[in-house]
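Given next are the chains, with one letter for each unit.
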Amino acid sequence: MTDSDFSIDEQVEAHLRRTLSEVALTTPFAITQARSELHRTNHRVLTMAAGVLLVAGAVGLVVIAEQVDEPSQVLDVTDSDPVPTPAEASNQAGGRLLSTPVRSDVQPIITIERTDWRVASSESGAAAESTPSTGCPGCGARRLVLNGGGSNFGGPLFTAWTLDAVYDLARLDQLVMVGAVEGRANVSPPSTPVVQMRVTIGWSIDANRTAFVDASRMTPEQALELAAQLTFEGDIPALATPPVGFEKIGQSDASFGEQRVVRLTDGKRSLDVFATNEGVHGLLNWRNPFAHLFLNVTRSRIVDGAVVLVDVDDAPDRIGGYWVAGGWGYRADGAGFGSESEFLDVLGDLRLTDVPNTNQEEAMPLTYEQFDSVTGWKTQDDT
Amino acid sequence: MRDLGGCHETNFDAFYEQTLPGAMRLGHLLTGSVSLGQEVAQDAMIAVHRHWSEIENPAAYLRTTVVNLSRSAQRRLIRERRHLRRHSETLTMIPDVDETWEQLRRLPVAQRTVLVLRFYEDMSLAEIADHLGKPVGTVKSTMHRALAKLKDVLP
């Protein structure tokens, strides 16, 4: 089939071309503005990271950043929290979504306790690739995660995992030494406007196993120094003595890769809730398109005893926040809210239910973008 | 992003300067939202930067990424539409253009994507199919449906 098979009214075609060209011309170029905004965000993050490193000698690390006014509050990120059995989970109907722990193998069915709000759509599914492979070595990997950014994850983050296969390390840019072992790394040059804080390292640890490190807001030297201290006796890399100021984030339950996306609205305001069953790991994972906690600067807020990390840099009419409860990590994206407190009030009214939503107003196919940490991002068609 | 297929810049900063406006325009047209289009363009730039040393044709990679990210932004698009509808009346100050654009924005994203790639990016049906990973027949039927809708409502 060729284009000639396809006839189109010339007048319509000309009009469409003109419309698209005219509209495209209204797009703000805003390179300077975009660069400035990115630099501003990165500068703030880097300032925070620098602050973290400077005080790394202190046992109690306190991240001091603008608008981070409750740094002592921490997300519920360890695996020591009481998690219910599936049977218990089904009895949690009516529990607050913000604070009710749900096992990672139980889908949280979300509703809202507000008469003027309704669930517009609700879908769940699995990520395209939920286990590591040579094509996507970062997908579904169980990772060591060291957080040097305190309760708001605003500073250095160091993650490490392994792939039980030989990986073509030539796909990474630079030759590096991980201790005495040769490896390769991708390093984001500090001079670029969009990515200043990420280091990815890969190296072979035996004939059939490859180790990877993904770090943000750290220098290559710092990341390599930590990488060289890793040990690989178990499934997850270990670091005997995490650097001062860093804390290990407990691994969530197994069965990774499940996601749930729920849209709620009152007709004027809307709330998109993205849930992933990797706990805080999912929120820190590059491949999760809904979880930008790896980069975002947040401030902590308390809602009915639960900690919600709210984005500092968000558009005036948009607001977003993160929280973790049990095996699930959540990202809520709000639109049309007049204030942060209004947004948080609605979050506080989110509830768990055991009744699947049936009042979907539109069929909305999910698209998962796989932001793999090593091979790059790949896409899966609408499901 | 027209006329950038032959871009062989090795300097990312230069590439960024050169291609960001086009990426923003394409993102704008695909999502129907200026702000969402800008975000998509910026995210696409991050993807390009991550693989700068591996990509043979950064401009093509950027365009593909903008298209894919725009598709995945459907949920936010719905929200943006609601916001934009209040402000789009005087977008270009050309009544028939604004009216047509409003109709284009109301199309399902798959249909609008095909029209934008065909009539803004000047891609052939085969190129669009290759870009979207769809059969040419699917692209053609998608375009038919889009045009059928538009013919009824165009000024």
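Residues numbered from 1 in each chain as written. Chains lettered and ligands numbered in written order. Predicted model: local features only at pLDDT ≥ 70, side-chain atom pairs only at ≥ 80, totals over all residues. Heavy atoms only, no water.

Draft legend 1. Representation of the overall build of chain B within the structure. When you go through chain B residue by residue, the secondary structure sums to eight helices and zero strands. Mapped in sequence order, the helices and strands of chain B form the string α-α-α-α-α-α-α-α. For chain B, with 155 residues in total, the buried portion stands at 59%. Of all intrachain contacts in chain B linking residues separated by at least 6 positions in sequence, the fraction that spans at least 24 positions is 64%. (Helix = DSSP H or I, 4+ residues; strand = E, 2+ residues; numbered from the N terminus. Buried < 20%, exposed > 50% of the residue type's maximum accessible area, 1.4 Å probe, protein only. Contact = heavy atoms within 4.5 Å.)

Draft legend 2. Inspection of the pairing of strand β14 (residues 298-303) of chain A at higher detail. Residue and element names in this part refer to chain A. Across the six residues of β14, five count as buried, placing the element largely inside the fold. Looking at chain direction, β14 and strand β15 (residues 306-311) are connected through six bridges and run antiparallel. What sits directly across from Val303, in β15, is Ala306. (Pairing = 2+ DSSP bridges.)

Draft legend 3. Summary view of the pattern of salt bridges. All chains considered together, the criterion is met by twelve salt bridges over all chains. Asp122(B) is paired through a salt bridge with Arg17(A); the nearest N and O atoms lie 2.5 Å apart. Of the two residues, Asp122(B) sits in the loop between α6 (109-119) and α7 (125-132) while Arg17(A) sits in helix α1 (residues 10-25), which places them in two different chains. The class of Asp122(B) is partly exposed, set by a relative accessible area of 43%. Residue Arg351(A) is joined to Glu113(A) by a salt bridge in which the shortest nitrogen-to-oxygen separation is 3.0 Å. Taken as a pair, Arg351(A) in strand β18 (residues 350-353) and Glu113(A) in the loop between β1 (109-112) and β2 (118-126) lie far apart in primary sequence, 238 residues in all. On the basis of relative accessible area, Glu113(A) is assigned to the exposed category, the value being 53%. (Salt bridge = Lys/Arg side-chain N within 4 Å of Asp/Glu carboxyl O.)

Draft legend 4. Quick look at the confidence of the model for chain B. All names here are of chain B. Averaged over all residues, the pLDDT of chain B equals 73, while 78% of them reach at least 70. Ranking the elements of chain B by mean pLDDT puts helix α4 (residues 74-84) last, at 45, and α6 first, at 87. Ignoring residues within four places in sequence, the model shows residues 1-10, a span with pLDDT below 50, making 24 contacts including any to other chains. Predicted confidence is poor over residues 77-90, with pLDDT under 50, and the contacts of this stretch with residues over four places away or in other chains come to 39 contacts. Among the prediction metrics, the complex's ipTM stands at 0.77, with pTM recorded as 0.50. (pLDDT = per-residue confidence, 0-100.)

Draft legend 5. The arrangement of the sheet that holds strand β6 (residues 181-187) of chain A in detail. Residue and element names in this part refer to chain A. The antiparallel open sheet is built from seven strands, whose spatial order is β5-β6-β7-β8-β4-β3-β11. Both outer strands of the open sheet, β5 (174-178) and β11 (247-248), are each paired with one neighbouring strand and no more. As paired elements, β6 and strand β7 (residues 198-206) share four bridges and run antiparallel to each other. In the sheet register, Arg184 faces β7, and the bridge partner there is Gly202. Helix-sheet contacts for helix α4 (residues 220-227) involve β4 (157-163), β5, β6, β7 and β8 (209-216), and the interaxial angle to β7 is about 30°. (Axes fitted to C-alpha atoms, helices over the stretch in contact; angles between N-to-C directions.)

Draft legend 6. View of the side chain of Thr142(B). Residue and element names in this part refer to chain B. With respect to the helices, strands and loops of the structure, Thr142 is situated in helix α8 (residues 136-153). Residue class for Thr142 comes out buried when judged on its relative accessible area of 8%. Excluding residues that lie within four positions of it along the chain, Thr142 makes contacts with Ala110, Gln111 and Val114.

Draft legend 7. Representation of the packing of aromatic side chains. Residues and elements named next belong to chain A. Here the structure, examined in full by the defined rule, presents six aromatic pairs over all chains. Judged by centre distance (5.2 Å) and plane angle (80°), the rings of Tyr167 and Phe212 are edge-to-face. On the criterion of sequence distance, the pair formed by Tyr167 in the loop between β4 and β5 and Phe212 in strand β8 is long-range, its members being 45 residues apart. Considered together, Tyr167 and Phe212 belong to a single accessibility category, that of buried residues. Chaining the aromatic ring pairs together yields one cluster made of Trp117, Phe337 and Phe343. Looking at Arg143, its charged tip hangs above the ring of Trp161, at a distance of 4.0 Å from the centre. Looking at Arg331, its charged tip hangs above the ring of Tyr322, at a distance of 4.8 Å from the centre. (Phe/Tyr/Trp six-rings, centres within 6.5 Å; stacked < 30°, edge-to-face > 60°. Lys NZ or Arg CZ within 6 Å of the ring centre and 35° of its normal.)

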